Every structure is written in C-alpha cells, then in structure tokens.
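So you can see what is in the structure, the chains are spelled out below.
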Amino acid sequence: MIDNKRRHPRLKHRAKIKLIVPESLENIVEMRDFSETGLFLQCDKALIPPIGTVLEVQTTEFDDAPVQLVRVVRIDPDSGFAVEFCSRD
C-alpha cells in the first residue's frame, strides 16, 4: 500500500505548459495533472531539473496567462517531475 501524503486531490488534465528555466531556454512540456498546490509535468529525462530548482510555468491554453513560480519537489525519471507553487517573496 502506498502512503499518500497529498493534501489536495489531483485532477487529470492535459495541457501544454511553457517551462521557463532561469538562464536557459524555454520548453513546452505536457501537464498530466494538477492540484491546488502544484502540477505534474511530463517530459524527456534531459529536461528534468534537480529537486529544489525554482522555475516558472505558464499555460499555453489562453493568451496572457499568468506566469507562476514553482519549485521541483519530486522526480519520476521515467515520466517527468512534480512542482509545487511558491511565492515570489
């Protein structure tokens, strides 16, 4: 049995997400699901940043979508990584 420590339920939703890594190129990755506190992003192994990396994400589903600051909290090397939303303070 897996110990599920999630605070909020996940909602499955596919969407293209712009991944903005400081001092690097922007990439488009696929969101697999999201919750009130974060997202799971699917991508190639080469694009997976280390745990603790702070990046920015933005949905491509509509114009002028807000850019959100996130932190990498979990890595699944076979499929992608999870991020949690964080403040700009």
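Coordinates for the structure precede this section.
Everything numeric here is computed off the predicted structure, so don't read it as measured data.

J.: Account for the overall build of the chain, with residues named and values stated.
T.: A count of helical and extended segments in the chain gives 0 helices and 6 strands. Counting from the amino terminus, the chain carries its helices and strands in the arrangement β-β-β-β-β-β. Within the chain, the fraction of its 89 residues that count as buried is 34%. For the chain, the proportion of contacts with a sequence separation of at least 24, taken over those separated by at least 6, is 44%. Counting only carbon and sulfur atoms, one obtains 51% of the accessible surface of the chain, whose full area is about 6200 Å².

J.: Quick rundown of the pairing of strand 6 (residues 80-85)? Include the residues and the values.
T.: Pairing of strand 3 (residues 38-42) with strand 6, which is carried by 5 bridges, proceeds in the antiparallel orientation. Across the sheet, the residue bridging to Gly 38 is Glu 84, located in strand 6. Strand direction decides the pairing type here: strand 5 (residues 68-76) and strand 6, joined by 6 bridges, are antiparallel. Considered in strand 6, the bridge of Val 72 is made with Val 83. What sits between the antiparallel neighbours strand 5 and strand 6 is a turn of 3 residues.

J.: Can you break down the pairing of strand 2 (residues 26-34) residue by residue, with the values?
T.: Examined bridge by bridge, strand 2 and strand 3 share 4 bridges and lie antiparallel to one another. Residue Asp 33 lies in a different strand from strand 3, and its bridge partner there is Phe 40. Between strand 2 and the antiparallel strand that follows it, strand 3, lie 3 residues.

J.: Kindly report on the side chain of Asp 33, identifying the contributing residues and their values.
T.: Assignment of secondary structure puts Asp 33 in strand 2. Exposure remark for Asp 33: the relative accessible area of 3% places this residue in the buried category. Of note is the side chain of Asp 33, whose polar atom sits 3.3 Å from the side chain of Arg 32.

J.: An account of the pattern of salt bridges is needed here, citing residue identities and associated values.
T.: If you walk through the whole model with that rule in mind, you get 3 salt bridges. For Glu 30, the salt bridge is made with Lys 16, and the minimal N-O distance between the two is 2.9 Å. Residue Glu 30 is found in strand 2, and its partner Lys 16 is found in strand 1 (residues 11-20); the two are separated by 14 residues along the sequence. Asp 33 is the partner of Arg 32 in a salt bridge, and the nearest nitrogen-oxygen pair spans 3.3 Å.

Conventions used here
- Residues numbered from 1 in each chain as written.
- Predicted model: local features only at pLDDT ≥ 70, side-chain atom pairs only at ≥ 80, totals over all residues.
- Heavy atoms only, no water.
- Helix = DSSP H or I, 4+ residues; strand = E, 2+ residues; numbered from the N terminus.
- Buried < 20%, exposed > 50% of the residue type's maximum accessible area, 1.4 Å probe, protein only.
- Contact = heavy atoms within 4.5 Å.
- Areas by Shrake-Rupley, 256 points an atom, 1.4 Å probe, with all protein chains shown as cover.
- Pairing = 2+ DSSP bridges.
- Polar contact = N/O pair within 3.5 Å; in protein donor to acceptor, adjacent residues only side chain to side chain.
- Salt bridge = Lys/Arg side-chain N within 4 Å of Asp/Glu carboxyl O.

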